[in-house]
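# Structural description and commentary
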Amino acid sequence: MRIPRPIVYLIIVLFSCKPMTKKEKLTKSITETLQEQQAVFAVAFKDLSTGEEIYINEHETFHAASTMKTPVLIEVCKQVVAGKFSFTDSLIIHNEFKSIVDSSSYTLNQKEDSEQELYNHIGEKRSISSLAYDMIITSSNLATNMIIELVDARNVTSTMRALGAKDIQVLRGVEDEKAFEKGLNNTTTAYDLMVIFEKIAKGEAVNPEASRIMTDILLEQKFNEIIPAKLPPTVRVAHKTGNIVGVNHDSGIIFLPDDRKYVLVLLSKDAKDDKAAIAAMASVSEKIYQYVTSR
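What comes next concerns the included structure. (Residues numbered from 1 in each chain as written. Predicted model: local features only at pLDDT ≥ 70, side-chain atom pairs only at ≥ 80, totals over all residues. Heavy atoms only, no water.)

Turning next to the overall build of the protein chain. Within the protein chain one finds 10 helices and 11 strands. The principal-axis extents of the C-alpha atoms in the protein chain amount to approximately 90 × 40 × 35 Å. Classification of the 295 residues of the protein chain by burial places 50% in the buried group. Sequence separation of 24 or more characterises 66% of the internal contacts of the protein chain that already satisfy a separation of 6 or more. Summed over its atoms, the accessible surface of the protein chain is roughly 14300 Å², and 52% of this surface lies on carbon and sulfur atoms. For the protein chain, the distance from the average site of its 35 positive side-chain charges to the average site of its 39 negative ones is 7 Å. (Helix = DSSP H or I, 4+ residues; strand = E, 2+ residues; numbered from the N terminus. Buried < 20%, exposed > 50% of the residue type's maximum accessible area, 1.4 Å probe, protein only. Contact = heavy atoms within 4.5 Å. Areas by Shrake-Rupley, 256 points an atom, 1.4 Å probe, with all protein chains shown as cover. Lys, Arg positive; Asp, Glu negative; His and termini not counted. Charge placed at Lys NZ, Arg CZ, Asp CG, Glu CD.)

The following block contains the structure:
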């Protein structure tokens, strides 16, 4: 018996339309939320209890902004463990650094730094632990440049490769305008940030004690507009943000009250409306939290 062609097509469609899984529905919802914005986004999610992952543009390259400070923190801990210096050692606060282009001197603009108090103490001493803390929780550019000067950006990138982050590039400190003009910028991908935060979460970034120290610092983050913004206060987030005009990032470990945890990285660039892009990413974080906690 011949079946009319339209009925054949209908049968094929009916059998091929499988119900979407919860993960597929989540991915679709995330994509739709982000597509409402004029920006380029990337998402990397990994549930550390189940191994489940969601990726969107995970290998797209982004200006790292201040997310590069997490790799720098890892390198600090690595060199402390190696005995090169101690967290209690001190550095003299200074605001003169050398460009990676030609070694010419440049200074940071206090008014453009998210942490300005440190500039009032030029010439005084601060412990390496204090500077590392300021580098993360208030994203101090001055502290960051002093720390990068101490550990060497090339060592940071080398350590990222050893951890399995193949694309992160930490080339320089902040506000090296000559390097910026030549396109020599710190860059990252969502996937690579996920890799290093997973290492921290599992106690594999340097060693368990160093990973615990880094987590404790990251938990004190003062900028909470993206990943934690729409999460309950009982959820802890150890994370590092990054923001410049048109670029808004957040990356970290989310600790649930039942001891489960997951890694989430949200990156954006070319945003026409920074506030709207940030709000969209906060909504994505909320959707992922709801998905994880509904199981």
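A positive phi angle, close to 80°, is found at Asp-259, a residue other than glycine. In this structure, Asp-259 sits in the loop between strand E10 (247–255) and strand E11 (261–269). Taking the relative accessible area as the measure of exposure, Asp-259 reaches 71% and is therefore exposed. Despite not being glycine, Asp-270 has its phi angle at roughly 55°, a positive value. With respect to the helices and strands, the residue Asp-270 is situated in the loop between E11 and helix H10 (274–293).

As a further point, take the pairing of strand E1 (residues 40–47). Burial analysis of E1 places 7 of its 8 residues in the buried class, which makes it a mostly covered element. In terms of strand pairing, E1 meets E11 through 8 bridges, oriented antiparallel. Residue pairing in the sheet places Ala-44 in a bridge with Val-265 of E11. Bridge analysis of E1 against strand E2 (residues 53–56) gives 4 bridges, and the strand direction is antiparallel. (Pairing = 2+ DSSP bridges.)

Further remarks concern helix H6 (residues 153–163). Considered for burial, the residues of H6 that qualify are Ala-153, Val-156, Thr-157, Thr-159, Met-160 and Leu-163. Projection of H6 onto a plane perpendicular to its axis shows the buried side chains occupying an angular sector of 160°, all on one side. Set apart from the buried face of H6 by more than 90 degrees, the exposed residues are Arg-154 and Ala-162. Tucked inside the fold, the buried residues of H6 contact helix H3 (69–81), helix H5 (141–151) and helix H8 (190–201). Two residues or fewer past H6, Gly-164 is found with a positive phi of approximately 100°. (Arc of directions from axis to C-beta.)

Turning to the packing of aromatic side chains, a few remarks are in order. Any two aromatic rings considered together are summarised by their centre-to-centre distance and by the angle between their planes. Enumeration according to the criterion identifies 3 aromatic pairs in this entry. Taking the centre distance of 5.5 Å and the plane angle of 65° together, the rings of Phe-45 and Tyr-262 count as edge-to-face. Here Phe-45 is found in strand E1, whereas its partner Tyr-262 is found in strand E11, with 217 residues between them in sequence. Comparing Phe-45 with Tyr-262, the two get one shared label, buried. Aromatic side chains Phe-97 and Tyr-106 sit 6.2 Å apart centroid to centroid with 45° between the ring planes, which places their arrangement in the tilted category. Tyr-106 matches Phe-97 in its accessibility class, with the two residues each being buried. (Phe/Tyr/Trp six-rings, centres within 6.5 Å; stacked < 30°, edge-to-face > 60°.)

Right, let's get into H10. In a regular helix each residue adds 1.5 Å, so 20 residues correspond to 28 Å; H10 covers 29 Å between its end C-alpha atoms and thus fits that length. Among the residues making up H10, those that are buried are Ala-277, Ile-278, Ala-280, Met-281, Ala-282, Ser-283, Val-284, Ser-285, Ile-288, Tyr-289, Tyr-291 and Val-292. Buried residues in H10 make contact with helix H2 (22–35), E1, strand E9 (236–244), E10 and E11. Here H10 starts with a cap whose side-chain oxygen sits 3.2 Å from the backbone nitrogen of Lys-275, and that cap is Asp-273. (Expected span 1.5 Å × (residues − 1). Polar contact = N/O pair within 3.5 Å; in protein donor to acceptor, adjacent residues only side chain to side chain.)

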